[in-house]
Amino acid sequence: MKTAIPCPNCGTEIPIETDTLLKGSRFCCGHCGASVGLCAGSRPVVSKALNAFDTLKRQTRQYRTEH
Ligand SMILES: [Zn+2]
């Protein structure tokens, strides 16, 4: 899933790929060069949040089909 997160240093939106982020890759800010990434401890949290988001999307789709 493609998304963007604000740079912690300058606030510029950094385009990221969540799958890649969860694998431990870091992304660089195109403006100031700061790198952002997840520490190992926060990966399960983000993964869980993304799963919840997927479930929500599926439920929304079901709702549309039924009505
Ligand atoms: Zn930056």
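Residue numbers here run from 1 along each chain, matching the order of that chain's written sequence. Since the coordinates come from a predicted model, pLDDT governs what is reported: local features require at least 70, and pairs of side-chain atoms require 80 or more to be given and counted, while whole-chain, interface and lining totals use all residues.

Notes on the overall build of the protein chain
The way it works is that DSSP assigns letters per residue, a run of H or I at least four long becomes a helix, a run of E at least two long becomes a strand, and they are numbered from the N terminus. Across its full length, the protein chain holds 2 helices and 4 strands. Taken from N to C terminus, the helices and strands of the protein chain fall in the order β-β-α-β-β-α. Taking 2.2 N^0.38 as the reference for a compact globule, 67 residues should give roughly 11 Å; the C-alpha atoms of the protein chain span a radius of gyration of 15 Å, well beyond that estimate. Distance between backbone-placed C-beta atoms decides contact: two residues are in contact if it is within 7 Å. Nonlocal contacts in the protein chain, meaning residues at least 24 apart in sequence, comprise 22% of its contacts between residues at least 6 apart. Only C-alpha atoms enter the radius of gyration; for comparison, a globular chain is expected to reach 2.2 Å times N to the power 0.38, where N is the number of residues.

Regarding the pairing of strand 2 (residues 13–17)
Examined bridge by bridge, strand 1 (residues 2–6) and strand 2 share 5 bridges and lie antiparallel to one another. Residue pairing in the sheet places Lys-2 in a bridge with Glu-17 of strand 2. Following strand 1, the chain reverses through 6 residues before pairing antiparallel with strand 2; Gly-11 in that reversal takes a positive phi of roughly 85 degrees. One bridge is not enough; two strands pair if DSSP finds at least two bridges between them.

Quick notes on the environment of Gly-11
With respect to the helices and strands, Gly-11 occurs in the loop between strand 1 and strand 2. Distance from Gly-11 to Cys-29, taken between C-alpha atoms, is 9.2 Å for residues 18 residues apart in sequence.

Details of the environment of Gly-33
Looking at the element boundaries, Gly-33 is found in the loop between strand 3 (27–28) and strand 4 (35–36). Each C-alpha atom, one on Gly-33 and one on Leu-21, is 17 Å from the other, the two residues being 12 residues apart in sequence.

Considerations on the environment of Lys-2
Assignment of secondary structure puts Lys-2 in strand 1. Each C-alpha atom, one on Lys-2 and one on Asp-19, is 8.5 Å from the other, the two residues being 17 residues apart in sequence. Look past the residues within four positions of Lys-2 in its chain and what remains in contact with it is Pro-15 and Glu-17.

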